Amino acid sequence: MLGFWIAILSGALMSVQGVFNTQVTKQSGIWVANAFVQFTALLVCLAVWLATDRASFSALLQVEPKYMLLGGAIGTFITYTVIKSMEQLGPARSVMFIVVSQLIVAYVIEVLGLFGVEKQPLEMKKLLGAGVMIAGIVIFKWT
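The rules behind these values
Residues numbered from 1 in each chain as written. Predicted model: local features only at pLDDT ≥ 70, side-chain atom pairs only at ≥ 80, totals over all residues. Heavy atoms only, no water. Phe/Tyr/Trp six-rings, centres within 6.5 Å; stacked < 30°, edge-to-face > 60°. Helix = DSSP H or I, 4+ residues; strand = E, 2+ residues; numbered from the N terminus. Buried < 20%, exposed > 50% of the residue type's maximum accessible area, 1.4 Å probe, protein only. Axes fitted to C-alpha atoms, helices over the stretch in contact; angles between N-to-C directions. Parallel < 35°, antiparallel > 145°, perpendicular 65-115°, else oblique. Left-handed = near helix turned anticlockwise from the far one by under 90°. Contact = heavy atoms within 4.5 Å. Nonpolar A, V, L, I, M, F, W, Y, C, P; charged D, E, K, R; others polar.

Details of the packing of aromatic side chains
- Tallied over the full model, the rule gives five aromatic pairs.
- Measuring from centroid to centroid gives 6.4 Å for Trp31 and Phe77, while their planes differ by 80°, and the two rings are edge-to-face. Pair noted here: Trp31 is in helix α2 (residues 30-51) and Phe77 is in helix α3 (residues 71-89), with a separation of 46 residues, a long-range link.
- The class of Phe77 is exposed, set by a relative accessible area of 52%.
- With centroids separated by 5.1 Å and ring planes inclined at 65°, the aromatic side chains of Trp49 and Phe57 adopt a geometry described as edge-to-face.
- A relative accessible area of 48% means that Phe57 is categorised as partly exposed.
- The structure contains a cluster of three or more aromatic residues connected by ring pairs, namely Trp31, Phe77 and Tyr80.

Quick word on the packing of α2 against α3
- At a minimum axis distance of 10 Å, the contact between α2 and α3 shows a crossing angle of 130°. Here α2 lies oblique to α3, going by the angle between them. You can see that α2 and α3 cross each other, and the crossing is right-handed. Every residue of α3 that contacts α2 at Ile30, Trp31, Asn34, Val37 and Gln38 is listed here: Gly75, Thr76, Phe77, Thr79, Tyr80, Ile83 and Lys84.
- The residue makeup of the contact of α2 with α3, split by class, is six nonpolar, five polar and one charged.

Re the packing of helix α4 (residues 91-112) against helix α5 (residues 124-141)
- Orientation of α4 relative to α5, taken along the N-to-C sense of each, is 165°, at an axis distance of 11 Å. Looking at the two axes, α4 sits roughly antiparallel to α5. Handedness of the α4/α5 crossing: left-handed. For the pair α4 and α5, the contacting residues are Ala92, Arg93, Met96, Phe97, Val99, Val100, Leu103, Ile104 and Tyr107 in the first and Lys126, Leu127, Ala130, Met133, Ile134, Ile137, Phe140 and Lys141 in the second.
- Across the contact of α4 with α5, the residue classes break down as 14 nonpolar, no polar and three charged.

Take a look at the structure:
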């Protein structure tokens, strides 16, 4: 149950962050805003790390496969694409497309067993659920 509430909080924070970042971009520029977002994230992470576990950064050298370390770089492009989509579509439409895209890509990763994720069977009811979400976007967009 805790995972459910954490996921709800994550979605809410992502929406608020996207709006904040879009507003900052209007006054500074997209790459300045993106750099600031990533820099402040680094500062918060370091502060929490100092206050909590203090795990060794050398453990990162042991991560295999090495491409798994690209999460931060991917985060830069996530911030960029969220800002641009919110700027062009508005927060509600942008988040709808982002969430549906996340769901579909995550399901493909599970079904194919990519990136070390345990492979899951393809289920028609999950495909139907994705279809219902897409239909919801169509209804929301043209109403």
